[in-house]
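Chain and residue survey
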Amino acid sequence: MNTYQTLTTEIKGDVLILTLNRPDALNALNTMMFDEIDAFFSKDHQSFSGRCIIITGSGSKAFAAGADIKELHGLNSAQAETLSAKGQRIFALIENFHLPVIAAVNGFALGGGCELAMACHIRVASQQARFGQPEVNLGIIPGYGGTQRLVQLIGKGKAYELLLTGEMIGAEAAHELGLVNMVTAPDDLIVTALRLADQIAAKGPLALKGVIRCVNGYFTPGVEGYGLEAKTFGEIADSKDFVEGTSAFIEKRKAVFTGR
Ligand code: COA
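The model shown is predicted, which means the values in this text are computed figures rather than measured ones. (Residues numbered from 1 in each chain as written. Predicted model: local features only at pLDDT ≥ 70, side-chain atom pairs only at ≥ 80, totals over all residues. Heavy atoms only, no water.)

1. A look at the packing of aromatic side chains
On inspection of all chains with the given rule, the structure shows 7 aromatic pairs. Centre to centre, the rings of F34 and F91 are 5.6 Å apart; their planes meet at 40°, and the pair counts as tilted. Here F34, found in helix α1 (residues 31-44), pairs with F91, found in helix α3 (residues 77-95); they are 57 residues apart in sequence, far enough to count as distant. With respect to class, F34 is no different from F91; both count as buried. Each residue in the set Y4, F40, F41 and F97 is aromatic and connected to the rest through ring pairs, giving one cluster. (Phe/Tyr/Trp six-rings, centres within 6.5 Å; stacked < 30°, edge-to-face > 60°. Helix = DSSP H or I, 4+ residues; strand = E, 2+ residues; numbered from the N terminus. Buried < 20%, exposed > 50% of the residue type's maximum accessible area, 1.4 Å probe, protein only.)

2. Thoughts on the packing of helix α4 (residues 112-119) against helix α5 (residues 146-154)
Between α4 and α5, the shortest axis-to-axis distance is 10 Å and the interhelical angle comes to 55°. With respect to α5, the axis of α4 lies oblique. Regarding α4 and α5, the two cross each other, and that crossing is left-handed. Packed against α4, whose contacting residues are E115, M118 and A119, the element α5 presents G146, R149, L150 and L153 at the interface. (Axes fitted to C-alpha atoms, helices over the stretch in contact; angles between N-to-C directions. Parallel < 35°, antiparallel > 145°, perpendicular 65-115°, else oblique. Left-handed = near helix turned anticlockwise from the far one by under 90°. Contact = heavy atoms within 4.5 Å.)

3. A word on the site of the ligand
Taken together, 16 residues are adjacent to the ligand, and K61, A65, A67, I69 and K70 come closest. In this structure, D24 approaches the ligand through a main-chain N or O atom, which is 3.4 Å from an oxygen atom. Between the ligand and the protein, one listed contact pairs a nitrogen atom with a backbone N or O atom of A67 at 2.9 Å. At the level of secondary structure, the elements contributing two or more residues to the shell around the ligand comprise α2 (69-72) and β6 (108-110). Looking at the shell around the ligand, the element that brings in the most residues is α2, giving 3 residues. Of the residues in the shell around the ligand, the class split is 11 nonpolar, no polar and 5 charged. (Near = heavy atom within 4 Å. Polar contact = N/O pair within 3.5 Å; in protein donor to acceptor, adjacent residues only side chain to side chain. Nonpolar A, V, L, I, M, F, W, Y, C, P; charged D, E, K, R; others polar.)

4. Notes on unusual backbone geometry
A positive phi angle, close to 50°, is found at L26, a residue other than glycine. By the element assignment, L26 lies in the loop between β2 (15-20) and α1. L26 gets classed as partly exposed once you look at its relative accessible area, which sits at 25%. Within the chain, N27 stands out as a residue other than glycine whose phi angle is a positive 60°. Tracing the chain through its elements places N27 in the loop between β2 and α1.

5. Topic: the sheet that holds strand β3 (residues 52-57)
Across the sheet, which stays open at both edges, the 6 strands sit in the order β1-β2-β3-β5-β7-β10 with mixed pairing between neighbours. Every interior strand has two partners, whereas the edge strands, β1 (7-12) and β10 (182-184), have only one. Averaged over all pairs of adjacent strands, the angle between strand axes in this sheet comes to 20°, irrespective of strand direction. (Pairing = 2+ DSSP bridges.)

6. Looking at the side chain of N106
Along the chain, N106 falls in the loop between β5 (101-105) and β6. Overall, N106 belongs to the buried group, its relative accessible area being 8%. A distance of 3.0 Å separates the side chain of N106 from the backbone oxygen of G59, its partner in a polar contact. A polar side-chain atom of N106 sits 3.0 Å from the main-chain carbonyl oxygen of A62. Excluding residues within four positions of it along the chain, N106 makes contact with T56, G57, S58, G59, S60, A62, F63, S126, Q128 and L189.

7. Things to note about the pattern of salt bridges
Summed over all chains, the structure comprises 10 salt bridges. A salt bridge links R89 to D38, with the nearest nitrogen and oxygen atoms 2.8 Å apart. Highlighted residues: R89 in helix α3 and D38 in helix α1, separated in sequence by 51 residues. The exposure class assigned to R89 is partly exposed, which follows from its relative accessible area of 41%. (Salt bridge = Lys/Arg side-chain N within 4 Å of Asp/Glu carboxyl O.)

8. Describing the pairing of β5
Burial analysis of β5 places 5 of its 5 residues in the buried class, the great majority of the element. Burial along β5 is two-sided: V101, A103 and V105 and I102 and A104, pointing in opposite directions, are all buried. The pairing of β3 with β5 spans 4 bridges and is classified as parallel. Bridging from a neighbouring strand, I55 pairs with A103 of β5. Note: β5 against strand β7 (residues 122-126), 4 bridges, orientation parallel. For I102, the partnering residue across the bridge sits in β7 and is I122.

In short, geometric facts, not functional conclusions.
See below:
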């Protein structure tokens, strides 16, 4: 098991819960946390055999209150551009991870915290969660994909409203906008995320990976989405899981998928 200083991990059956763990700084994303998230998705769990990841924040107050403002302060132009590109690369690792990643948003998801939640495939929010891209209050803009993914998730008009006002919204408003998939009582957040993860974990792993690949293809310049879908569909038809899934249906039994 890997040890991290700003993250904790817990295995629950087929699901791994990854907790952002800087509660005294409202889980703000500092360099070490970024590097550890990078290591988690790019190396340490690249061949993780579980079926789903849940990301949440430690403490009752925050998922992540953004990039660490104390680190941002004093960056020059080149350093800021480098940091933005690094954040974008790391969040793309999550978006393109081979397993579904669910954000269980327990409190403030602001700036980079909202961007991290948006890089996940599904978002479950506690009623106490608050979302926003308040960067304009600091005289900057979102740098970890927020101007792109917010538009993708809630549309241009509402995205402009949040990005230009920097205003925070509650979980119910975020749900109405389509920014989050479901809202739960605070005490039910992890149970609800785990239930969703278990539901997903029972499906064919190659199919889940294929869905993620094709949906991301829709948003990737130069990728012809329908072509990618047909190619992926064909590749998966060559798997044991395809035979197992269709056989199980015909034989009226539950499929047991192996990811092969
Ligand atoms: N970066 C660094 N530290 C942060 C932080 C951030 N993004 N957000 C909160 N913290 C720290 C605070 O500095 C404080 O630390 P301290 O006790 O050493 O002073 C601690 O977390 C608690 O935050 P505090 O502001 O006292 O809590 P609050 O309940 O009064 O307010 C927020 C909560 C989220 C409204 C407020 O912390 C905030 O606005 N944070 C910045 C959000 C933001 O602009 N994010 C985008 C960054 S690009």
